Amino acid sequence: AQTIHQWPVAEIKAVGSPLSLGCTIKGKSSPNLYWYWQATGGTLQQLFYSITVGQVESVVQLNLSASRPKDDQFILSTEKLLLSHSGFYLCAWSLGDSDYTFGSGTRLLVI
Amino acid sequence: GDSVTQTEGLVTLTKGLPVMLNCTYQTTYSPFLFWYVQHLNEAPKLLLKSSTDNKRTEHQGFYATLHKSSSSFHLQKSSVQLSDSALYFCALTEQGTGSKLSFGKGAKLTVSP
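Notes on the structure in this doc start here. (Residues numbered from 1 in each chain as written. Chains lettered and ligands numbered in written order. Predicted model: local features only at pLDDT ≥ 70, side-chain atom pairs only at ≥ 80, totals over all residues. Heavy atoms only, no water.)

**Considerations on the interface of chain B and chain A**
Convention followed: Any two residues whose heavy atoms approach within 4.5 Å at even a single point are treated as in contact. Note: buried area is the sum, over both parts, of the accessible area (probe 1.4 Å) each one loses when the two are combined. We define a salt bridge as a contact between a side-chain nitrogen of Lys or Arg and a carboxyl oxygen of Asp or Glu at a distance within 4 Å. For this analysis, a polar contact is any N or O atom pair within 3.5 Å, provided that within protein one partner can donate a hydrogen and the other can accept it, and provided that sequence-adjacent residues contribute only side-chain to side-chain pairs. Strands are runs of DSSP state E lasting at least 2 residues, helices are runs of H or I lasting at least 4, and numbering of each runs from the N terminus.
Each partner contributes residues to the interface: chain B has 24 residues there, and chain A has 23 residues. Approximately 1,700 Å² of surface area, both sides summed, lies buried where chain B meets chain A, with 54% of it carried by carbon and sulfur atoms. The tally of links from chain B across to chain A stands at zero salt bridges. Joining chain B to chain A, the criterion identifies seven residue pairs in polar contact (both at pLDDT 80 or more). Looking at the side of chain B that touches chain A, the elements with two or more residues in it are β5 (31-38), β6 (45-50) and β10 (86-94) of chain B.

**A word on the nonpolar core**
The condition that has to hold: Nonpolar core, defined: a set of buried Ala, Val, Leu, Ile, Met, Phe, Trp, Tyr and Cys residues in which side-chain atoms within 4.5 Å join the residues together. Buried, partly exposed and exposed residues are distinguished by accessible area as a fraction of the type maximum, computed with a 1.4 Å probe on protein chains only: under 20%, between the cut-offs, and over 50%, respectively.
Ranked by size, the top nonpolar core spans 25 residues in total, and within it L21, L33, W35, L47, L75, Y88 and L109 of chain B carry the most contacts. At the level of secondary structure, the elements contributing two or more residues to this core comprise β2 (10-14), β3 (19-21), β5, β6, β8 (62-65), β10 and β12 (107-112) of chain B. In terms of residue count, β10 of chain B provides more of this core than any other element does, four residues in total. L19, F48, L76 and L108 of chain A belong to the second-largest nonpolar core, a separate cluster that totals 20 residues.

**Let's talk about the side chain of D84 of chain B**
All names here are of chain B. Residue placement: D84 occurs in the loop between β9 (75-77) and β10. By relative accessible area, D84 is classed as buried at 7%. For D84, the contacting residues outside a window of four places in its chain are F62, K77, S79, L109 and V111.

**A word on the sheet that holds β3 of chain B**
Residues and elements named next belong to chain B. How we decide: At least two DSSP bridges between two strands are needed for those strands to be called paired. Convention adopted: a line fitted to C-alpha atoms gives each axis, helices being fitted over their contacting stretch, and angles between N-to-C directions are expressed from 0 to 180 degrees.
Spatially, four strands are ordered β3-β9-β8-β7 in an open sheet, and the strand pairing comes out antiparallel. One side of each edge strand has no neighbouring strand; the edge strands of this open sheet are β3 and β7 (56-59). Each neighbouring strand pair of the sheet contributes to a mean axis angle of 20°, computed without reference to strand direction. By the bridge criterion, four bridges tie β7 to β8 in an arrangement that is antiparallel. Along β8, the bridge assignment pairs E58 with Y63.

**Some details on the state of the cysteines**
Just so we agree on the cut-off: Throughout, disulfides are identified as pairs of cysteine sulfur atoms within 2.5 Å of each other.
Throughout the structure, instances matching the rule amount to two disulfides over all chains. Between C23 of chain A and C91 of chain A runs a disulfide, and the two sulfur atoms are separated by 1.9 Å. Note on the C23 of chain A and C91 of chain A pair: the S-S dihedral is about -75°, so by sign convention the disulfide is left-handed. Residue C23 of chain A is found in strand β3 (residues 19-26), and its partner C91 of chain A is found in strand β9 (residues 87-94); the two are separated by 68 residues along the sequence. For C23 of chain A, a relative accessible area of 0% translates into the label buried. C23 of chain B shares a disulfide with C90 of chain B; S-S distance 1.9 Å.

**Concerning the pattern of salt bridges**
All names here are of chain B. As enumerated under the stated definition, the model contains five salt bridges over all chains in all. The salt bridge involving R56 is made with E58; its shortest N-O contact spans 3.0 Å. Taking relative accessible area as the criterion, R56 reaches 45% and is therefore assigned partly exposed. Among the residues examined, E58 registers a relative accessible area of 53% and is labelled exposed. With a shortest N-O distance of 2.7 Å, K77 and D84 are connected by a salt bridge. Among the residues examined, K77 registers a relative accessible area of 10% and is labelled buried.

Functional significance is not addressed by these values, which are geometric in nature.
What follows is the structure, given as structure tokens:
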């Protein structure tokens with residue numbers, strides 16, 4: 001069975017500090033991968049997507065970057081956090097257009 | 001570009017009453033529509049999905065029918081339960097692309113005893 005694992009579960013970081021969030025998918029070969037951001041009680045905003053290793057497309061950057069170093073791994077990062085980066089970060093995968101499965105997410109608080 | 005409109009921000013109902021959450025969409029391509037449910041402090045989970053015009057899809061007592069003529073995919077349940085309290089998101093992707101899943105603003109359903 002396929003599994004999606006996000007790390008860390010939660011972070012409290014200072015403004016201006018770097019950030020790296022990770023996502024690993026097991027049990028699926030060459031999935032499409034996505035990063036979403038959600039403010040508390042808000043909608044889900046797609047940030048990036050990747051359909052293959054080494055290729056990442058930006059939808060909304062928000063001073064963040066993403067990379068896909070391996071087929072099963074998707075990384076979200078920034079060198080300098082802003083207060084506005086606080087929220088819930090969700091990784092998702094799909095095969096094609098019919099099933100999108102989300103990870104359990106990372107809660108980020110920037111202070 | 002693609003867009004999804006959900007008109008109800010907050011919905012409060014008493015247990016046992018019916019609910020309908022509206023979802024309309026805009027796309028120039030063949031659509032695939034989804035309903036996701038997100039309980040407090042959890043990730044969204046798929047509730048329903050459809051790309052077939054005029055066919056009702058059901059899951060866990062919830063149902064929806066994609067109507068391409070009116071660009072709608074409204075979510076309904078005949079009798080809500082306390083456990084249905086959650087955020088409900090309608091989402092859209094284009095068939096055959098898998099590159100972007102666009103979400104509506106969401107509807108927060110609160111069910112009281």
